[in-house]
Amino acid sequence: MIWYYIKSALRNMRNNPKFTLINVAGFAFAISVSLAIALFLLKEYSYDRYNKNYRQIIRLTDTQKNSSEIDYRVKNILLQHFPDIKNACYVDCYNNPIEIKYGQEGLYLHTGAMSVDPQFFDMFSVPVLTQQTSTPFQDKNSVVITESTAKKLFGNENPLGKEVDVYDIYPVTVSAVIKDFPANSSFSANFILNAQNDNFKFSQTMTDGNDLSTYRWPFEIYVQLKKNEKPEQLIAKLNMHKELLKPYVEKAGFLPLKDIYLHDPTTDASNLKGNAKLLKLFAAIGLIILVLAVINYINLTVAQQSRRNKESGIRKTIGASRKHIIGQFVAESTLISFSAFLIGALLLRLMLPAYEIAFNTSFDFDTLYHFPNSVVLLWAILLLGFISGIGPGIVLSGINPVKILSGTTLIS
């Protein structure tokens, strides 16, 4: 029966080329724009999830101050007193451009730098391409650079062991080269300095000289929980033992790594931030575009009522049930939506550079065909075809065949 529906739908599409072309073109344009929006949403919602440990990593916050800046000493306090924690590290992102020089050549980095401790590389999925020792940082004067930075500074030379100057006054030695951070990473630096070097604790706050009770080196502290440990339970324990965190934290809170990009309420975080409300707006726009395409299809289908009435009347006369006629309409609309998807995907591929400019980001077209996105797309095509065909099918299959053949049409 399904094969019969498909053959009949193909015959109707072939016999009505203008109707088919208009509908396929309308659907294809709508699907192309909607797929571009889908790519944007997929990227925005995937931030930091490339990290294999992202489910276990949280960032400590001070909810009383609405702050993510925590003194670096809190890290050791956490590791010493709370066995729920597997590892911890601190990160300080410096988002202003920095100047680095190698010999007579200089490079002005517009993406800034990060100051981290060695545990950062154990917690986060940072692929190391080459390194001098078993760890990315050889000593406190080491620097880890990304692959693209290595090519800009050293060309085809081996960067390991090369000395570069930061701001022309702080010499550091390249100890490792890592892959560039993914496009969906809230960390964007390509120059990673060792935070054990006091020169690179960027966010320094000093009040009373050498008074350690008031001297602050604030960092963002990331905590990796042991498997099956819940962050809510850890934070409850921290707040039950506030004396351990004094004077550095007034009231402990947390943000899961997967939520930091879109749902970070703190005011001083240095990582990249997205806009969750904007994503909802884009999703609504994509849905509206598809709804308008469906309405356009239904209008064009109903506009052909006189021809389709005769077709439905003849089918009913020879014994076709209403269910079969509805199935015919759904099969035809599904074939049109599938054809439109293929053309829409091709349009998206051809127009990808223009969409990247419009959204001010880069897209990975192949993301659409990765599991489970491919399964969702398939169901979306079927649903689009079903919704487009079910309405006209119900209306036009209700025509009384006797009235059709007598020159009038009434819904039975």
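Residues numbered from 1 in each chain as written. Predicted model: local features only at pLDDT ≥ 70, side-chain atom pairs only at ≥ 80, totals over all residues. Heavy atoms only, no water.

## Let's talk about the overall build of the protein chain
Our working rule: Counting from the N terminus, the helices are the DSSP runs of H or I reaching at least four residues and the strands are the DSSP runs of E reaching at least two. Exposure categories follow from relative accessible area, calculated using a 1.4 Å probe and restricted to protein chains: below 20% of the type maximum is buried, above 50% is exposed, and the middle band is partly exposed. The contact definition used throughout considers only heavy atoms, calling two residues in contact when any of these lie within 4.5 Å. The Shrake-Rupley method, run with a 1.4 Å probe, gives the accessible areas here. Residue values count only the displayed protein chains as cover.
In terms of helices and strands, the protein chain carries 13 helices and 13 strands. Buried residues in the protein chain amount to 46% of all 412 residues. Of the contacts made within the protein chain by residues no fewer than 6 positions apart, 75% connect residues no fewer than 24 positions apart. For the protein chain, the exposed area adds up to about 20,900 Å²; of that, 59% sits on carbon and sulfur atoms.

## Quick look at the pattern of salt bridges
Note the threshold: Salt bridges are defined as contacts in which a side-chain nitrogen from Lys or Arg sits within 4 Å of a carboxyl oxygen from Asp or Glu.
Considering all chains together, one arrives at 9 salt bridges under this definition. With its nearest N and O atoms 2.5 Å apart, the salt bridge here joins Lys75 to Asp117. Separated by 42 residues along the polypeptide, Lys75 in helix H3 (residues 73-81) and Asp117 in the loop between strand S6 (113-116) and helix H4 (120-123) bring together distant segments of the chain. What makes Asp117 buried here is its relative accessible area of 0%.

## Quick word on helix H8 (residues 276-303)
Short version of the rule: By definition here, a helix of n residues has an expected span of 1.5 Å times n minus one.
Here H8 contains 28 residues, and its C-alpha end-to-end distance of 41 Å stays within 8% of the 40 Å for a straight helix at 1.5 Å per residue. Three or more residues of H8 are buried, namely Ala276, Leu279, Gly286, Ala293, Val294, Tyr297 and Thr301.

## Re the packing of aromatic side chains
Which entries qualify depends on this criterion: Stacked, tilted and edge-to-face pairs are distinguished by plane angle, under 30 degrees for stacked and over 60 for edge-to-face with tilted covering the rest, among Phe, Tyr and Trp rings (Trp via its six-membered ring) whose centres lie within 6.5 Å.
Enumeration according to the criterion identifies 18 aromatic pairs in this entry. Relative to Phe124, the ring of Phe120 has its centre 4.8 Å away and its plane inclined at 25°; by these criteria the two rings are stacked. The two residues Phe120 and Phe124 agree in class, both being buried. An angle of 50° between the planes, with centres 6.4 Å apart, marks the rings of Phe181 and Phe187 as tilted. For Phe181, a relative accessible area of 15% corresponds to the buried category. On the accessibility criterion, Phe187 (1% relative accessible area) is buried. Through a chain of ring-to-ring contacts, the aromatic side chains of Phe120, Phe121, Phe124, Phe137, Phe181, Phe187 and Tyr222 assemble into a single cluster.

## Topic: helix H6 (residues 231-240)
Inclusion rule: Starting at the helix axis, one direction is taken to each C-beta atom, and the arc is that of these directions.
Among the residues making up H6, those that are buried are Pro231, Leu234, Ile235 and Leu238. Taken around the axis of H6, the buried residues stretch over an arc of 95°, which confines them to a single face.

## Thoughts on the pairing of S6
Along any regular strand the residues' side chains alternate between the sheet's two faces. Selection rule: At least two DSSP bridges between two strands are needed for those strands to be called paired.
Residues Ala113 and Ser115 of S6 are buried on one face, and the alternating residues Met114 and Val116, pointing to the opposite face, are buried as well. Across 4 bridges, strand S3 (residues 85-94) lies against S6 in antiparallel orientation. Of the residues in S6, the one forming a bridge with Asp92 is Ser115. Across 3 bridges, S6 lies against strand S11 (residues 191-194) in parallel orientation. Considered in S11, the bridge of Ser115 is made with Leu193.

## Considering the packing of helix H2 (residues 17-45) against helix H11 (residues 352-359)
The condition is simple: Think of each axis as a best-fit line through the C-alpha atoms, taken over the contacting stretch in the case of a helix, with angles from 0 to 180 degrees between the N-to-C directions. Working definition: roughly parallel below 35 degrees, roughly antiparallel above 145 degrees, roughly perpendicular at 65 to 115 degrees, and oblique for all remaining angles. In this scheme the handedness of a crossing depends on how the near helix is turned from the far one: anticlockwise by less than a right angle means left-handed, clockwise means right-handed. Only Asp, Glu, Lys and Arg are considered charged in this grouping, and only Ala, Val, Leu, Ile, Met, Phe, Trp, Tyr, Cys and Pro are considered nonpolar; every other residue, Gly among them, is considered polar.
Where H2 contacts H11, the two axes come as close as 11 Å, and the packing angle between them is 55°. If you check the angle between H2 and H11, you find them oblique. Crossing angle aside, the handedness with which H2 passes H11 is right-handed. In contact with Ser32, Val33, Ala36, Ile37, Leu39 and Phe40 of H2, H11 contributes Leu352, Tyr355 and Phe359. When its residues are assigned to classes, the contact of H2 with H11 shows 8 nonpolar, 1 polar and no charged.

## Overview of the nonpolar core
Operational definition: Here, nonpolar core means buried Ala, Val, Leu, Ile, Met, Phe, Trp, Tyr and Cys residues that are tied together by side-chain atoms lying within 4.5 Å of each other.
By size, the foremost hydrophobic cluster in this structure holds 35 residues, and its most contacted members are Phe27, Leu35, Leu348, Tyr355, Phe359, Phe363 and Leu368. Residue assignment for this core shows that the elements contributing at least two residues are H2, H8, helix H10 (322-350), H11 and helix H12 (373-396). If one sorts the elements of this core by residue count, H2 sits on top with 13 residues. Sequence-distant contacts of Phe27, that is, excluding residues within four places in its chain, are made with Ala293, Val294, Tyr297, Ile336, Ala340, Leu384 and Ser388.

## Observations regarding the environment of Thr135
By the element assignment, Thr135 lies in the loop between strand S7 (128-131) and strand S8 (142-146). What makes Thr135 partly exposed here is its relative accessible area of 39%.

## Details of unusual backbone geometry
Geometrically, the link from Lys246 to Pro247 is a cis peptide bond, its omega value of 0° lying close to zero. Structurally, Pro247 is set in the loop between helix H7 (242-245) and strand S13 (252-256). Non-glycine residue Asn228 carries a positive phi angle of around 75°. Within the secondary structure layout, Asn228 lies in the loop between strand S12 (218-225) and H6.

## Let's talk about a nonpolar patch on the surface
Our working rule: Residues enter patches when their relative accessible area tops 30% and they take part in no salt bridge; the joining distance is 9 Å for like charges and 5 Å for the nonpolar side chains Val, Leu, Ile, Met, Phe, Trp and Tyr.
The grouping of Leu287, Ile288, Val291, Leu292 and Ile295 at the surface amounts to a nonpolar patch, some 460 Å² of accessible area in total. With respect to the element layout, Ile288 can be found in helix H8.

## A look at the confidence of the model for the protein chain
Basically, it comes down to this: The quantity called pLDDT is the predictor's confidence in a given residue, expressed from 0 to 100.
Confidence in the prediction of the protein chain, expressed as mean pLDDT, is 82, and 81% of residues score 70 or more. Ranking the helices and strands of the protein chain by mean pLDDT puts strand S1 (residues 57-62) first, with 94, and helix H13 (residues 401-405) last, with 54.

## As for the side chain of Ser32
Our working definition: We call two N or O atoms a polar contact when they sit within 3.5 Å, provided that within protein one can donate a hydrogen and the other can accept it, with sequence-adjacent residues counted only if both atoms are side-chain atoms.
Positionally, Ser32 belongs in helix H2. Look at Ser32 and you get buried, because its relative accessible area is 2%. Within the structure, Ser32 has its side chain in polar contact with the side chain of Tyr355 (distance 3.1 Å). Contact partners of Ser32, with chain neighbours within four places excluded, come to Gly344, Leu347, Leu348 and Tyr355.

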